[in-house]
Each structure stands twice: as structure tokens, then as C-alpha cells.
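Here is how the chains run, residue by residue.
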Amino acid sequence: DAKTTQPNSMESNEEEPVHLPCNHSTISGTDYIHWYRQLPSQGPEYVIHGLTSNVNNRMASLAIAEDRKSSTLILHRATLRDAAVYYCIGGADAGGTSYGKLTFGQGTILTVHP
Amino acid sequence: GAVVSQHPSWVICKSGTSVKIECRSLDFQATTMFWYRQFPKQSLMLMATSNEGSKATYEQGVEKDKFLINHASLTLSTLTVTSAHPEDSSFYICSAGLSVDYEQYFGPGTRLTVT
């Protein structure tokens, strides 16, 4: 899996957009970029994933740099329920033997202020 | 989405005893499940890959004789912490995924406290 680098923490105000950056300069061409988040005392929750193109779903958007060495998770309107640790993970493509195997870094602690 | 459950959600046991944690995929079949451990204020650490009908694959540094994994069916994997000690106190989390997409579904976790 690719090593990822994320800021330790970020803060946002409620109803404002949040941009969570991630660097993954060693990512291989077939590695997907996954984002999960974890609320206190809960298991992680899938947020979004992508390979090359930007991706949108009901939870968030994922903007992937053209060289794929970095990506940004975008929460369009942060709510208090979005306060969590956000993990960016590079790797685990479906066709590989490591499919599903996720290597978690330290993540970014997102604090949302009312 | 698919649901993964864990039982128990928390357990307290005495040092030297064994504890079994169950991980179930409720509405899908999972040939592969993963077990993670998380200490307070730390990230998740992958312990092992549980394969249905075969031996588990353990990550480097994880004692296979201490953390016994059994994946006897397509919907159930169990992790048994044998001869537990206080340093085994942690949050244990399992995950599983569908073969047709990339999303991993995580259980709610089991908090183990060894006294």
C-alpha cells in the first residue's frame, strides 16, 4: 500500500465546506484512493474511493490530482455529525491479492464548530 | 449498504482467561474478513486476514497462537484472544467486503478490557 500523509487535525464551522488533503506520492498506477472516517468508539465508515477521475457521492466528493500524488476529500457542507477522524488510504485494488486489506495511517481529526 | 455485526460489543475478563469475539456479515457472504486492533488515540492496525475454509494470514508481529481466528462459514469469523493479559486490552474491529465493489464494511467494534 502507498504511504499517505495527512494533517493531524483540521477545524471547520458548521455548514461550511471542508477540504481534507492527502498526499500519496508513492501510489502505484492500479492503487485506488479510499477514504474512511471513524467516529469515537465506532468502526470506520466508508466515505468514498476513486482511481483517476474525480468522484461524487451523497456523502462527499473526491478530487484526485492529475499526477495522482495527492487527493482532497470535500465535504460540501459540514455538519456536527461529520466530526470524526478521516483516513486516506492508498491501495487494495480489486484485482490484487491485497483486495480489501486496508492500511490505516494516523488520519485527520476533523472538528466542526456550531 | 451491507451490515457487519460484532458480538460482544464489550467484554471484561480476568488475566489468563480466553475471550472469543464474533464477526458476522448479516446480509452478504464474505470469503474474506479482516481483523484490526486499535489502542486508545491510535489508528487501526491490521492483525490478520481471515479466509473462509482455510488458515488465517497474520500480519508481522501478531502471534497466531495467541489470536486464534476461525472462519468456518461465509458469514462468520471468530477471533479468540487466548490467555489474555492487560496489554491485550484494546478495541477489536472486523471488516468484510462484497466481491463486486471496493467498499469495506466495518463492524461496530468490541472493546476488550483485561483485568
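Residues numbered from 1 in each chain as written. Chains lettered and ligands numbered in written order. Predicted model: local features only at pLDDT ≥ 70, side-chain atom pairs only at ≥ 80, totals over all residues. Heavy atoms only, no water.

1. Looking at the side chain of Ser50 of chain B
Residue and element names in this part refer to chain B.
Phase 1 of the analysis: The topology assignment puts Ser50 in strand 5 (residues 45-51).
Phase 2 of the analysis: Ser50 sits in the buried class, given a relative accessible area of 0%.
Phase 3 of the analysis: Polar side-chain contacts of Ser50 include one of 3.0 Å to the side chain of Ser77.
Phase 4 of the analysis: When sequence neighbours within four positions are dropped, the list of residues in contact with Ser50 reads Thr31, Thr32, Met33, Trp35, Ala56, Ile69, His71 and Ser77. (Helix = DSSP H or I, 4+ residues; strand = E, 2+ residues; numbered from the N terminus. Buried < 20%, exposed > 50% of the residue type's maximum accessible area, 1.4 Å probe, protein only. Polar contact = N/O pair within 3.5 Å; in protein donor to acceptor, adjacent residues only side chain to side chain. Contact = heavy atoms within 4.5 Å.)

2. Quick look at the pairing of strand 3 (residues 19-25) of chain B
All names here are of chain B.
Phase 1 of the analysis: Here strand 3 shows a clear split, with Val19, Ile21, Cys23 and Ser25 buried on one side and none of Lys20, Glu22 and Arg24 buried on the other.
Phase 2 of the analysis: Pairing analysis gives 6 bridges linking strand 3 to strand 8 (residues 76-81), with the strands arranged antiparallel. Bridge pairing in strand 8 places Cys23 opposite Ser77. (Pairing = 2+ DSSP bridges.)

3. Observations regarding the interface of chain A and chain B
Phase 1 of the analysis: In this complex, chain A contributes 21 residues to the contact, which on the side of chain B involves 20 residues.
Phase 2 of the analysis: Each partner contributes to the roughly 1,700 Å² buried at the junction of chain A and chain B, and carbon and sulfur atoms together form 56% of this total.
Phase 3 of the analysis: On inspection of chain A and its partner chain B, the count reaches 1 salt bridge.
Phase 4 of the analysis: Between Lys101 of chain A and Glu59 of chain B there is a salt bridge; the shortest N-O distance is 3.1 Å.
Phase 5 of the analysis: Those elements giving two or more residues to the side of chain A that touches chain B turn out to be strand 3 (33-38) and strand 4 (45-50) of chain A.
Phase 6 of the analysis: Each residue belonging to the side of chain A that touches chain B can be placed in one class, and the counts come to 10 nonpolar, 9 polar and 2 charged. (Buried area = accessible area lost by both parts, 1.4 Å probe. Salt bridge = Lys/Arg side-chain N within 4 Å of Asp/Glu carboxyl O. Nonpolar A, V, L, I, M, F, W, Y, C, P; charged D, E, K, R; others polar.)

4. Quick look at the state of the cysteines
Phase 1 of the analysis: Inspection of every chain in the model, using the stated rule, returns 2 disulfides over all chains.
Phase 2 of the analysis: For Cys22 of chain A, the disulfide goes to Cys88 of chain A, at an S-S distance of 2.1 Å. Looking along the S-S bond of the Cys22 of chain A-Cys88 of chain A disulfide, the torsion reads about -80 degrees, which is the left-handed sense. Of this pair, Cys22 of chain A sits in strand 2 (residues 18-23) while Cys88 of chain A is found in strand 8 (residues 84-90), placing the two residues 66 residues apart along the sequence. Cys88 of chain A shares its class with Cys22 of chain A; the two are buried.
Phase 3 of the analysis: Bridging Cys23 of chain B to Cys94 of chain B, the disulfide has an S-S length of 2.0 Å. Disulfide Cys23 of chain B-Cys94 of chain B: torsion about the S-S bond near 85 degrees, hence right-handed. A residue pair is termed long-range when its members are at least 10 positions apart, and Cys23 of chain B in strand 3 and Cys94 of chain B in strand 9 (residues 90-97) qualify at 71 residues.
Phase 4 of the analysis: Here Cys23 of chain B falls in the buried class, since its relative accessible area comes to 0%. (Disulfide = S-S within 2.5 Å.)

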